[in-house]
Amino acid sequence: MALVHKLLNGTYILRKCPKPGVASCPFLSTRFADYCSSSLEKPVAAPGKAPSQRKTEGNLEGHHQREVALDITSPEDKPEVSFDKAIKEEIKDHFRRLKDDIVNHWIGPEGRPLHEVLMEQAKVVWQFRGKEDLDKWIVTSDKTIGGRSEVFLKMGRNNQSALLYGTLSSEAPQDGESGRSGYCAMISKIPTGPFERKRFYDWSQFNTLYLRVRGDGRPWMVNIREDTDIIQRKDQMYSYFMFTRGGPYWQEVKIPFSKFFFSNRGRIRDAQYKLLLDKISSIGFTLADKVDGPFFLEIDFIGVFTDPAHTEEFAYENSPELNPRLFK
Amino acid sequence: MRLLRLREVKPFSQGHAASHQLGWNWTPHLSLSPKRLKILAASLSCCGCPTGKGMSWAQAILLARGLSRGWGGICSTALTGAPFSQVTPQAPRGLHCSTAAHQPDSPLVPRPPEPQRGLVKALAPHEELFRQAPDGVRDKASFVQAVQNFTQYNVHKRGHVDFIYLALRKMREYGVERDLAIYNLLLDIFPKEVFRPRNIFHSIFLHYPRQQECGIAVLEQMENHGVMPNKETEFLLTQIFGRKSYPMLKFVRMKLWFTRFKNINPFPVPRDLPQDPVDLARLALRHMEPDLSARVTVYQMPLSKDSTDATDPTEPHIIGIQSPDQQAALAHHDPARPIFVEGPFSLWLRDKCVYYHILRADLLPPEEREKGSLKPPSLAWKGCGLEGAAPVPTAQTEGLSLLTVEEGPVFAICMAGAHDQATLAKWIQGLQETNPTLARIPVVFRLSASSGELLASSSGLEEPPLTPPEGREEEENNQQRQQQSQS
């Protein structure tokens, strides 16, 4: 990523800057219920925005955020000796990917023949078998707003799984503004094509998310973000809870996509819409259960599949009491 | 941005609500005594000078608020206009600043204790109501008493917003944060019918914004602790704020989303965890083990608490769980291969962390695996890790299950009061009664150094760090074998 280094050197997005809604309007505090939203049991309002701010348009500054320092996946990286050589390599790499892209377009979607893609019923999207798999993820915690939680991501036993571990601390940062704190998150990086063009996942044929995890009994939250190519929707995400059992056995978590509820800036919206699967940008796991202490989550792989027994389209109906406009 | 100045001053111990207290929560009556007015005037005159900027009326009001909040030394530095990053009691003063601003004014402004004692804590206005019985027990009755004292002390409920914020903060100390009756009592403090919007202008503009924010704060704390509001709450909110207010809206949302998410946990843990460690361990083991036919065995009860300390008994409790499938697998285990006691791993039950150990064997290399020798695990228990046979995949998950991590089978799980080898050896001995073949199998203890460590350090133990302890474990092996041969 030497090219990226040179182009974007020095960019540094402060956590507090992109919150104009809060700073400008003195009446609107983080606790005050927004007009069209409500809050949840688990996620905190202000820190809920922090993971969302990673996904600004064409966001590659994520590499330069402070959270990269928290990620201890590659402490042995030797710095590149020659930038120019690395840049040339990278340009060649990009052109090669562009060529592959064009060729793949003729073969079929994502480079596979169409009949294979259509008949597919299960797909592994992320698996953790090596360090390069870990590079596809970013870990954040409330250190960005001044909290004390720590989170690290590393390969698990025998390089067969990824281990997300750390300590959660719900001590609120003393900045006069946040009342609550204590969250850790692991978010996948947005897939990019040649020349770092943003891409998305297309899961329209599948209807269930499948995770094989081993936790310690803590409740996690799975967040899915849609692609923000057309409309700037960086604060919106679809979430659902993942309850880990704890114990030495691997746990399979199957969450149908119809169960994901819609939230904006960390608060549940009154008007609920179902998750559209054709332009998925990233997935993330958050822990914010207000209990201080160490935690861990071992993930084997993350996949999607079609569950023919699941026929529900969307789990949450809009209520006329909260949303009279939808029922006119 | 002048408005931000006072907000930037860090409230030392009072987090979020204090910043609201400081800037935004003031009762409509600001009673200024003559002495306060003098200080205000003095501060008005001195504030302008060092920075050279004029003092706006809004700033004066904020200063007055700050004074009435009783922020003592901190406010005095604020008044002199010193930059906040260097807030010191001896802020540089301009030539025109009078000394009046720095006089400690004990009757009006409660003085914070000296900084040497640790964190500087400014007393909140009605905090003395909660200090009535400093040596008394802090429980629901005393909390209710404090609240009732406030309502009796003050017929017009002056400062009720501040008092409610203070009470919300104090709830945790008194242990009543999950008590719905207390929340209703707090909502009862609000004067009724006053804050309801009566005409269209009231409903367009946020009518009584601070009070509405306070009502929302009460509901939000309820939500944080998972307390479901009831009809009484609804009635109170309607009486106080009206049906079209933000607290009422929040109440409707809470009703909706709480009921939706009430039962989504597939592994529910009871809200009141048992205090007894044996019961807690039993609950935890049952929680972890998916097989319902597994048996929980108590191998050792803790010593009675008259002589020894309950937290550190000479005989810690040892409770184990094993299912019939695991028993059968252990019986089939090849005595030539060692089995390992690993741990401690952490398990969280709501907000309690307990530690457990497991007895497992390593995965057989592919050539030695006999497919079909053990009965395949049931579909309902796919990831049990109990086999050489791969878990049975369904048609849909076939592509996915080929990638599953395969680990060695787990034979038993236990929870013990202590995490040292002696206790676990007792567990193994207890296991031998139901698994006679265990006597012939060498047991290696792979324990991490301290009991508080995560799975990270114990599972991340690659082979090299194991070799030094393994030298010790070989001796343990021999000792075990000797013990077993003797017994």
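The rules behind the values
- Residues numbered from 1 in each chain as written.
- Chains lettered and ligands numbered in written order.
- Predicted model: local features only at pLDDT ≥ 70, side-chain atom pairs only at ≥ 80, totals over all residues.
- Heavy atoms only, no water.
- Helix = DSSP H or I, 4+ residues; strand = E, 2+ residues; numbered from the N terminus.
- Buried < 20%, exposed > 50% of the residue type's maximum accessible area, 1.4 Å probe, protein only.
- Contact = heavy atoms within 4.5 Å.
- Areas by Shrake-Rupley, 256 points an atom, 1.4 Å probe, with all protein chains shown as cover.
- Pairing = 2+ DSSP bridges.
- Axes fitted to C-alpha atoms, helices over the stretch in contact; angles between N-to-C directions.
- Salt bridge = Lys/Arg side-chain N within 4 Å of Asp/Glu carboxyl O.
- pLDDT = per-residue confidence, 0-100.
- Patch = residues over 30% accessible without salt bridge, like charges linked within 9 Å, V, L, I, M, F, W, Y side chains within 5 Å.

## Let's talk about the overall build of chain B
Line of reasoning, step 1. Looking only at helices and strands, chain B features 18 helices and 6 strands.
Line of reasoning, step 2. The buried share among the 487 residues of chain B stands at 47%.
Line of reasoning, step 3. Taking the contacts inside chain B whose residues are at least 6 apart along the sequence as the reference set, 69% of them involve residues at least 24 apart.
Line of reasoning, step 4. For chain B, the accessible surface area stands at approximately 24400 Å², while carbon and sulfur atoms represent 56% of it.

## As for the overall build of chain A
Line of reasoning, step 1. Looking only at helices and strands, chain A features 7 helices and 14 strands.
Line of reasoning, step 2. For chain A, buried positions account for 55% of its 328 residues.
Line of reasoning, step 3. Here the contacts in chain A between residues at least 6 apart in sequence split such that 77% fall between residues at least 24 apart.
Line of reasoning, step 4. Surface accessibility of chain A: about 14800 Å² in total, with carbon and sulfur atoms responsible for 55%.

## Some details on the pairing of strand 3 (residues 339–349) of chain B
Residues and elements named next belong to chain B.
Line of reasoning, step 1. Burial of strand 3 is extensive: 11 of the 11 residues sit out of reach of the surface.
Line of reasoning, step 2. The hairpin formed by strand 3 and strand 4 (residues 352–361) contains 2 residues between the paired strands, and R350 there has a positive phi angle of roughly 55 degrees.
Line of reasoning, step 3. Where strand 3 lies against strand 6 (residues 443–447), 5 bridges are found, and the strand directions are parallel. Bridge assignment links E342 to a residue of strand 6, and that residue is R446.

## A word on the sheet that holds strand 1 (residues 295–300) of chain B
Residue and element names in this part refer to chain B.
Line of reasoning, step 1. With mixed pairing, the 6 strands of this open sheet are ordered in space as 1-2-5-4-3-6. At either end of the open sheet lies a strand with only one pairing partner, and these are strand 1 and strand 6. Direction aside, the axes of adjacent strands within the sheet are offset by 30 degrees on average.
Line of reasoning, step 2. Sheet contacts for helix 16 (residues 421–434): strand 1, strand 2 (318–322), strand 3, strand 4, strand 5 (410–416) and strand 6; angle to strand 6, the most-contacted strand, approximately 140 degrees.

## Looking at unusual backbone geometry
Line of reasoning, step 1. The backbone of A:N159 sits at a positive phi, close to 55 degrees, despite the residue not being glycine.
Line of reasoning, step 2. Counting through the fold element by element, A:N159 comes out in the loop between strand 4 (150–155) and strand 5 (162–168).
Line of reasoning, step 3. For B:E193, which is not glycine, the phi dihedral falls at a positive 65 degrees.
Line of reasoning, step 4. Locating B:E193 in the fold gives a position in the loop between helix 8 (180–188) and helix 9 (200–204).
Line of reasoning, step 5. The exposure class assigned to B:E193 is partly exposed, which follows from its relative accessible area of 41%.

## Focus: the pattern of salt bridges
Residues and elements named next belong to chain B.
Line of reasoning, step 1. Evaluation of the coordinates by the stated rule reveals 31 salt bridges over all chains.
Line of reasoning, step 2. Between D179 and K140 there is a salt bridge; the shortest N-O distance is 2.9 Å. With a gap of 39 residues between them, D179 in the loop between helix 7 (160–174) and helix 8 and K140 in helix 6 (residues 140–153) connect regions that are remote in the sequence.
Line of reasoning, step 3. Here R196 makes a salt bridge to E193, at a shortest N to O gap of 3.0 Å.
Line of reasoning, step 4. On the accessibility criterion, R196 (29% relative accessible area) is partly exposed.

## Some thoughts on the pairing of strand 4 of chain A
Residue and element names in this part refer to chain A.
Line of reasoning, step 1. As paired strands, strand 4 and strand 5 are joined by 6 bridges and run antiparallel to one another. Following the sheet pairing, K154 is matched in strand 5 by L163.
Line of reasoning, step 2. The antiparallel pairing of strand 4 with strand 5 creates a hairpin that spans 6 residues between the two strands, and N158 there sits at a positive phi of about 60 degrees.

## Examining the confidence of the model for chain B
All names here are of chain B.
Line of reasoning, step 1. In this model, chain B carries a mean pLDDT of 69, and residues with pLDDT of at least 70 account for 55%.
Line of reasoning, step 2. A low-confidence stretch, residues 72–95 (pLDDT under 50), is modelled with 36 contacts involving residues beyond four sequence positions or located in other chains.
Line of reasoning, step 3. With pLDDT under 50 throughout, residues 97–106 is counted as low confidence; its partners more than four residues away or in other chains account for 15 contacts.

## With respect to a nonpolar patch on the surface
Residue and element names in this part refer to chain A.
Line of reasoning, step 1. Together, I91, F95, L98, I102, W106 and F195 make up a nonpolar patch on the protein surface, roughly 650 Å² of accessible area in all.
Line of reasoning, step 2. Inspection of the secondary structure puts I91 in helix 5 (residues 83–107).
Line of reasoning, step 3. Residue class for I91 comes out partly exposed when judged on its relative accessible area of 34%.

## Concerning the confidence of the model for chain A
Line of reasoning, step 1. A residue-level look at chain A finds 74% of positions with pLDDT of 70 or above and a mean pLDDT of 77.
Line of reasoning, step 2. Across residues 2–69 of chain A the pLDDT falls below 50, and counting only partners more than four positions away or on other chains, this stretch makes 159 contacts in the model.

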